[in-house]
Amino acid sequence: MKKRIIILPGDGIGKEVTTEGKKVLDKIAETFGHQFEYDYASIGHEAIEATGNPLPDETLEKLKKCDAILFGAVGHPTYDNDPTLKVRPEQGLLKMRKELGLYANLRPIKLFDELLGASSIKPEILKGSDILFFRELTGDVYFGEKGRKDDRNTAYDLMIYQRFEVERIAHKAFQAAQTRKKKVTSVDKANVLESSRLWREVVQEIGKQYPDVTLEHQFVDAAAMKLIQTPRSFDVVLTGNLFGDILTDEASQIAGSMGMLASASVGDKVGLYEPIHGSAHDITGKGIANPLASILSAALLLDISFGMKEESETVIAAVESVLKQGFRTGDIADTSTDKTKILNTHVMGSEVAKNIKKIKSFAQA
Ligand code: IPM
Ligand code: MN
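Note on numbering: residues in each chain are counted from 1, in written sequence order. As a convention, the first chain written is A and the first ligand written is 1, with the rest following in written order. Given that this is a predicted model, residues contribute local features only at a pLDDT of at least 70 and side-chain atom pairs are listed and counted only at 80 or more, while totals for whole chains, interfaces and linings are drawn from all residues. As a convention, hydrogens and water are excluded, and side-chain values are obtained from all of the structure's heavy atoms.

Looking at this model, I keep getting lost on the nonpolar core. Mind explaining?
Ranked by size, the top nonpolar core spans 81 residues in total, and within it Phe36, Phe134, Leu238 and Leu292 carry the most contacts. For this core, the leading source of residues is helix H11 (residues 292-304), giving eight residues. With residues up to four places along the chain from it excluded, the contact list for Leu292 reads Gly259, Met260, Val319, Leu323, Ile332, Met348 and Val352. Put simply, buried Ala, Val, Leu, Ile, Met, Phe, Trp, Tyr and Cys residues joined by side-chain atoms within 4.5 Å make one nonpolar core. Each residue is assigned to one of three classes by its accessible area relative to the maximum for its type, calculated with a 1.4 Å probe on protein chains only: buried under 20%, partly exposed between the two thresholds, exposed over 50%. Membership of the second largest hydrophobic core comes to 17 residues, among which are Ile43, Leu60, Met96 and Leu102. Labels follow the DSSP assignment, with helices taken as runs of H or I lasting at least four residues and strands as runs of E lasting at least two, numbered in each case from the N terminus. Whether two residues touch is decided by their heavy atoms; if any such pair falls within 4.5 Å, the residues are in contact.

Next comes the structure, spelled out in structure tokens:
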């Protein structure tokens, strides 16, 4: 198959990790006889520096014409500590999500057995956890009206949802549950928020169309607790943009490290694949970032955007095999054993790529 992929390295460790994601995609193309064509475009802080715009028109044009997007991260410490700045790297990401209609953000939280010891949560609580988050991505308080009044001493961000926005992501979550353990946990704050009461009403209605799927509702505060108390009790979690942002960072601890979590943003047409970790400027340029989230995002890209199931599973198996061999980046290192071999970003990517060939020939034999 011939496909066109745009790589958006973005800021911080974005460049380092997408380089490894691409390396793995190249190896898949070579091993399975595909042709992947790449092009690069700028976004975030680097785009502001070059053009003054966190999502230049040129980038958006390229994104509208490709088959899939591999994205790194955006963000820069200068902006974090200066709330008065009007142009911000994150605006590029939010605009891109909105413009491309990427309303569903899938965040799989799957714990590789080899990483049971890497989490701060007890192994007996974690073992067997497998959660798929559906975070709504183009609505909520992220996109509601915002502003200041009363001489700038009062600020507001409107939390707003429309029926159709809840319906379309709810369908996606129920359909995914049908292929899994057939359970959807919808998370909201319906005891306080009107937008959450609409959310719950719509999810209940849509749920009736999926009688084989069990639907339960949890308030976000209780869900935050249950996620780390009984992570195995979850299958598919369906939630809004803000709650999903917060809960998936929390849930990353179930997978050992934020450096392991991939995500797919899908909706109208093209799909975007990115790690859930951010730009991580504290470790940028040191070569120690964990590239596995970007590599696992590439696996999601192969599966969801290109329908390449076998190729996608080969990437995941290669990651598993590298972990089994004791290779780790610092963030997932198990210091209680001397069998751990700490690799830098680049070598970790190469090890995964190497294993792809081995796994493919093993499957054929
Ligand atoms: C994420 C990030 C973004 C978000 C930021 C960078 C705007 O935290 O993708 O989870 O809040 O959606
Ligand atoms: Mn986030």
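Can you walk me through the pattern of salt bridges in this structure?
Whenever Lys or Arg places a side-chain nitrogen within 4 Å of a carboxyl oxygen from Asp or Glu, that contact is recorded as a salt bridge. As enumerated under the stated definition, the model contains 25 salt bridges in all. Between Lys22 and Asp26 there is a salt bridge; the shortest N-O distance is 3.0 Å. With Lys22 and Asp26 both in helix H1 (residues 14-32) and four residues apart, this pair spans about one turn of that helix. On the basis of relative accessibility, which here comes to 30%, the residue Asp26 falls in the partly exposed class. The network of salt bridges with shared partners includes Lys2, Arg4, Glu37, Asp39 and Lys62.

I keep staring at unusual backbone geometry and nothing clicks. Help me out?
Positive phi is not limited to glycine here, since Asp140 has a value of about 75°. By the element assignment, Asp140 lies in the loop between strand S5 (130-136) and strand S6 (146-149). A positive phi angle, close to 50°, is found at Asp150, a residue other than glycine. Structurally, the position occupied by Asp150 is in the loop between S6 and strand S7 (154-157). Given the relative accessible area of 52%, Asp150 is considered exposed.

Would you explain the site of ligand 1 in this entry?
What surrounds ligand 1 is the set Glu90, Leu93, Arg97, Arg107, Arg135, Tyr142 and Asp245. Throughout this description, a polar contact denotes any pair of N or O atoms lying within 3.5 Å of each other; where both atoms belong to protein, one of them has to be capable of donating a hydrogen while the other can accept it, and for residues adjacent in sequence the pair is counted only when both atoms sit in side chains. Between ligand 1 and Arg97 there is a distance of 2.7 Å, counted from an oxygen atom to a side-chain nitrogen or oxygen. Within the side chain of Arg135, one N or O atom sits 2.8 Å away from an oxygen atom of ligand 1. For the shell around ligand 1, the element with the most residues is helix H5 (residues 89-99), which contributes three residues. Residue type decides the class: Asp, Glu, Lys and Arg count as charged, Ala, Val, Leu, Ile, Met, Phe, Trp, Tyr, Cys and Pro as nonpolar, and the leftover types, Gly among them, as polar. In terms of residue class, the shell around ligand 1 is made up of two nonpolar, no polar and five charged. Both domains that meet at the shell around ligand 1, namely domain 1 (1-107 + 263-365) and domain 2 (120-255), each give it at least three residues. Proximity criterion: a residue is near a molecule or strand once any of its heavy atoms comes within 4 Å of it. What fixes the domain bounds is an automatic or database domain assignment.

How should the packing of aromatic side chains be read in this particular structure?
Geometry of an aromatic ring pair is reported as the spacing of the ring centres plus the angle between the planes. Aromatic contacts are taken between Phe, Tyr and Trp rings whose centres are within 6.5 Å, Trp giving its six-membered ring; a plane angle under 30 degrees counts as stacked, one over 60 as edge-to-face, and the others as tilted. Under the defined criterion, the tally for this structure stands at three aromatic pairs. Centroid distance Phe174 to Tyr210: 5.2 Å. Interplanar angle 10°. Geometry classified as stacked. Taken as a pair, Phe174 in helix H7 (residues 163-178) and Tyr210 in the loop between helix H8 (194-207) and strand S9 (214-219) lie far apart in primary sequence, 36 residues in all. Considered together, Phe174 and Tyr210 belong to a single accessibility category, that of buried residues. Against the face of Tyr38 rests Lys22, its NZ or CZ located 4.6 Å from the ring centre. Whether a charge sits over a ring comes down to the Lys NZ or Arg CZ being within 6 Å of the ring centre and within 35 degrees of the ring normal.

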